[in-house]
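Report on the structure
Spelled out, the chains give:
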Amino acid sequence: MENNLVAQSNALVLAAYAMSTKEKQLLFSCISHIDSRPDAVQITKQTKFTVTVEQIMEVFYHDGKKQNIYRDLETAADSLFDREVTIQLDGNKRLRTRFVSGVLFDTDNNLITVTFAEDILPYLTQLKANFTKYRLIEIAELSSTHAIRLYELIVCWIGQYQYSKTLDLEDFKYIMGVSGKYKQFGQLRERVIDKALEEINANTEYKITVDYRKVRQSFVSLTLKFHKKSLARLENKDGSLSNDKIDAIVRTEQFVADYNNYRRLSHNAKMNTDDFRREMKDYLITYPEDFTKRPLEDYLKSPSKK
């Protein structure tokens, strides 16, 4: 189960909802059973997904008794059944729905079986484009629901080739599912932002930094900057990624020679220098594990290609 993908439409990732850590573990475990590819067998409102205590233990528990874990699952399933989600649609429309339409409790066999709500299925199945995916194991060490939520958003934004995001604090609270809470900025920062960043930076492959904007005496917005830790050699002193260094790397003759036939490049990028540089900057940040022919900092020592 640790290799199973959690795939969701970006519209669902960016939707507004509140959920505990245990609920998310149960929900995402069920989603990880879905084959979301366009040519996969169709999922309907009658399709059921079963999660066992053993599966949950394998990913999310390092110790604990089966009885206690099933109790956690029961509690999470009860709450999940009542959870609502609001999805922003095109044309200034909003969809208000639920994640699941039914939950079957099997105490004797330590099983929870979930049926997804009909309205939510298009955001989990037959996904062709504009979706976010990650593996369950990537969130296994995140104990904070806010850390899991922010991790999803980071993966979504990077998938859209965005490496920083500026949000008004109220918009941030909305997307994090804490609208109406934490009236004091200090509480929001301590209980949501700092905790989420600490967990993600310590337990995932991503590095996040944050800056705040203040007007008069009040904080009004924040800017998140994020990248994979494998790019740490290209960080500024504040921990953010240096766009100048990346831009310099993709302009060097050696980098062009090494990666002019990079498998992800579009036809235009193979023919046009500007397109090559633009695409390779994005790919370098998104897939740094692909660029191993030589240490990245070595490119900064080689001549630039005009």
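Located above this text is the structure these notes cover.
Residues numbered from 1 in each chain as written. Predicted model: local features only at pLDDT ≥ 70, side-chain atom pairs only at ≥ 80, totals over all residues. Heavy atoms only, no water.

Counting its secondary structure elements, the chain contains twelve helices and ten strands. Taken against the 2.2 N^0.38 rule, which gives 19 Å for 306 residues, the C-alpha radius of gyration of the chain at 21 Å falls within 12% of a compact globule. Counting only C-alpha atoms and orienting by the principal axes, one finds that the chain spans roughly 70 × 55 × 45 Å. Look at the contacts in the chain between residues 6 or more apart in sequence, and 64% of them connect residues 24 or more apart. (Helix = DSSP H or I, 4+ residues; strand = E, 2+ residues; numbered from the N terminus. Rg over C-alpha atoms; globule rule 2.2 N^0.38 Å. Contact = heavy atoms within 4.5 Å.)

Attention shifts here to the packing of helix α8 (residues 243-250) against helix α11 (residues 273-286). At their nearest, the axes of α8 and α11 sit 9 Å apart, and the two run at 125° to each other. In this view, α8 runs oblique relative to α11, as classed from their interaxial angle. α11 is crossed by α8, and the crossing has right-handed handedness. Here Ile246, Asp247, Ile249 and Val250 of α8 lie close against α11, whose contacting residues are Phe276, Arg277, Met280, Lys281, Leu284 and Ile285. (Axes fitted to C-alpha atoms, helices over the stretch in contact; angles between N-to-C directions. Parallel < 35°, antiparallel > 145°, perpendicular 65-115°, else oblique. Left-handed = near helix turned anticlockwise from the far one by under 90°.)

What follows concerns the nonpolar core. Membership of the largest hydrophobic core comes to 94 residues, with the highest contact counts inside it found for Phe28, Phe99, Phe116, Leu150 and Met280. By residue number, the principal contributor to this core is helix α5 (residues 145-159), which donates ten residues. If sequence neighbours within four positions are ignored, Phe99 has contacts with Leu12, Tyr17, Met19, Leu27, Leu80, Arg83, Glu84, Val85, Phe116, Ala117 and Ile120. (Core = buried A, V, L, I, M, F, W, Y, C linked by side-chain atoms within 4.5 Å. Buried < 20%, exposed > 50% of the residue type's maximum accessible area, 1.4 Å probe, protein only.)

Take it as geometry only, folks, not as evidence of what the structure does.
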